[in-house]
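Commentary on secondary and tertiary structure
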Amino acid sequence: MPPRPSTFSIAARDPETDAVGVAVQSKFVSVGAVVPFVSADAGAVATQSFANVAYGPDGLDRLREGRDAEAVVDALTSADDEAPSRQVGVVGLDGEPAAFTGDECHDYAGDLQGDGYTVQGNILENAETLTAMADAFEETDGGLPERLIAALHAGNEAGGDKRGEQSAVLYVAKPEGGYDGRNDRWIDVRVDDHDGPIDELERVFKLYDVTLLEREAPDETRELTGEAAAAVAATLADLGFLDESDAPEGDAAGSEAAEGDAFGEPHREALETFRGMNNFENHPVPVLEDAIARGWDDAEGEGEDRLVDAVWHGLSRLDRV
């Protein structure tokens with residue numbers, strides 16, 4: 001018998017963007033290669049617990065034929081002699097969810113549905129893992145990817161996979177959402193082997209978001225000033241994008257430059273270089289400066305990590321295109 005990808009997952013649809021997605025965490029290497037199947041013209045399928053990966057393409061084909069999620073689940077499991085060991089969650093383009101948890105799935109195993117989503121898991125610490133995921137998805141502000149990641153965090157914090165953590169994935173499809181609008185692969189981020197895969201998934205997603213996803217243009221932009229300007233200038237100098245003579249001396253937060261407008265043309269030229277080196281061409285320099293100014297205080301990490309996190313926080317107020 002092949003390894004059983006015990007896991008917890010959520011499949012969901014966002015009616016505002018026509019996006020469908022799956023987010024998963026498991027004590028199983030490269031869970032993204034096994035569990036999630038999504039298509040903007042069909043829906044989302046999560047197949048797990050001694051997973052039958054044929055459930056993915058077969059389920060999406062049945063959704064395209066116009067069958068609802070419950071009928072798809074019934075068709076997949078009724079034709080499978082090993083269905084008692086399987087688990088699957090399905091959401092169609094109408095947002096209606098359905099799921100199946102076989103009687104032979106290892107405890108705790110179960111599933112739970114709500115408006116536009118289904119959560120499911122096996123070899124879990126407790127039933128609260130699924131309840132916490134559902135609550136987080138319903139209560140979290142933001143777009144579909146943020147809500148899916150929040151569900152993973154909540155499930156993990158409530159108990160999660162009884163065996164621990166190893167890999168995680170966020171896979172979301174949207175019509176023409178892929179690179180240059182030429183496919184539907186809007187978000188495709190995987191962490192295949194990591195001690196804290198959900199935290200790492202969120203970090204990589206933020207970088208992916210800033211790099212590849214577009215946002216509406218802001219009505220107005222702010223300039224960097226004060227302590228944030230000095231700290232950003234010092235960071236750009238540390239990264240080699242700004243000449244040391246243009247960086248504030250001493251502690252950036254406590255320097256004299258922090259008290260005034262420390263961000264001028266040399267700093268914006270350095271930010272332009274930083275933008276190009278990191279493939280942030282989706283965002284003009286004034287928009288990046290505005291995002292950093294708004295997001296610096298909320299950003300986590302140090303150096304380049306904090307700079308990227310600040311951009312993400314600052315852009316988050318703008319709707320994705």
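Owing to the predicted nature of the structure, the values given are computational and were not obtained by experimental measurement.

**Examining the pairing of strand 2 (residues 19-26)**
- The element strand 2 is extensively covered by neighbouring structure, given that eight of its eight residues are classed as buried.
- By the alternation rule, side chains of strand 2 split into Ala 19, Gly 21, Ala 23 and Gln 25 and Val 20, Val 22, Val 24 and Ser 26, which are all buried.
- Where strand 1 (residues 7-14) lies against strand 2, eight bridges are found, and the strand directions are antiparallel. By the bridge assignment for strand 2, Asp 14 is matched with Ala 19.
- Linking strand 1 back to strand 2 in an antiparallel pair, the connection comprises four residues, with Asp 18 at a positive phi of about 60°.
- In this structure, strand 2 lies alongside strand 9 (residues 167-173), joined through seven bridges in antiparallel fashion. Pairing of Gln 25 across the sheet is with Ala 168, part of strand 9.

**Overview of the pattern of salt bridges**
- By the definition in use, this model includes 21 salt bridges.
- Here Asp 309 ties to Lys 206 by a salt bridge, and the two come within 3.1 Å at their closest N and O atoms. Of this pair, Asp 309 sits in helix 9 (residues 303-315) while Lys 206 sits in helix 5 (residues 197-212), and the two are 103 residues apart along the sequence. The pair formed by Asp 309 and Lys 206 is uniform in burial state, with each residue classed as buried.
- With its nearest N and O atoms 2.9 Å apart, the salt bridge here joins Arg 275 to Glu 272. Of this pair, Arg 275 and Glu 272 both sit in helix 7 (residues 265-277), three residues apart, roughly one helical turn.
- Each of Glu 146, Asp 209, Arg 215 and Arg 320 takes part in a single network of salt bridges with overlapping partners.

**Re helix 5**
- An ideal rise of 1.5 Å per residue puts 22 Å on 16 residues; helix 5 measures up with 21 Å between its terminal C-alpha atoms.
- Listed as buried for helix 5 are Pro 197, Ile 198, Glu 200, Leu 201, Phe 205, Lys 206, Tyr 208, Asp 209, Val 210 and Thr 211.
- The inward-facing, buried residues of helix 5 contact strand 1, strand 2, helix 4 (144-158), strand 9, strand 10 (185-191) and helix 9.

**Focus on the nonpolar core**
- Residues Ile 10, Leu 148, Leu 170, Ile 187 and Ile 292 are the most contacted members of the largest nonpolar core, which totals 61 residues.
- The greatest single-element share of this core, amounting to eight residues, is contributed by helix 6 (residues 226-238).
- Sequence-distant contacts of Ile 10, that is, excluding residues within four places in its chain, are made with Gly 21, Val 22, Ala 23, Tyr 117, Thr 118, Val 119, Gln 120, Met 133, Phe 137, Leu 148 and Ala 151.
- Ranked by size, the runner-up nonpolar core spans 16 residues in total, among them Val 24, Val 34, Val 169 and Tyr 171.

Calculation rules
Residues numbered from 1 in each chain as written. Predicted model: local features only at pLDDT ≥ 70, side-chain atom pairs only at ≥ 80, totals over all residues. Heavy atoms only, no water. Buried < 20%, exposed > 50% of the residue type's maximum accessible area, 1.4 Å probe, protein only. Helix = DSSP H or I, 4+ residues; strand = E, 2+ residues; numbered from the N terminus. Pairing = 2+ DSSP bridges. Salt bridge = Lys/Arg side-chain N within 4 Å of Asp/Glu carboxyl O. Expected span 1.5 Å × (residues − 1). Contact = heavy atoms within 4.5 Å. Core = buried A, V, L, I, M, F, W, Y, C linked by side-chain atoms within 4.5 Å.

Without other data, these values stay purely geometric and don't point to any function.
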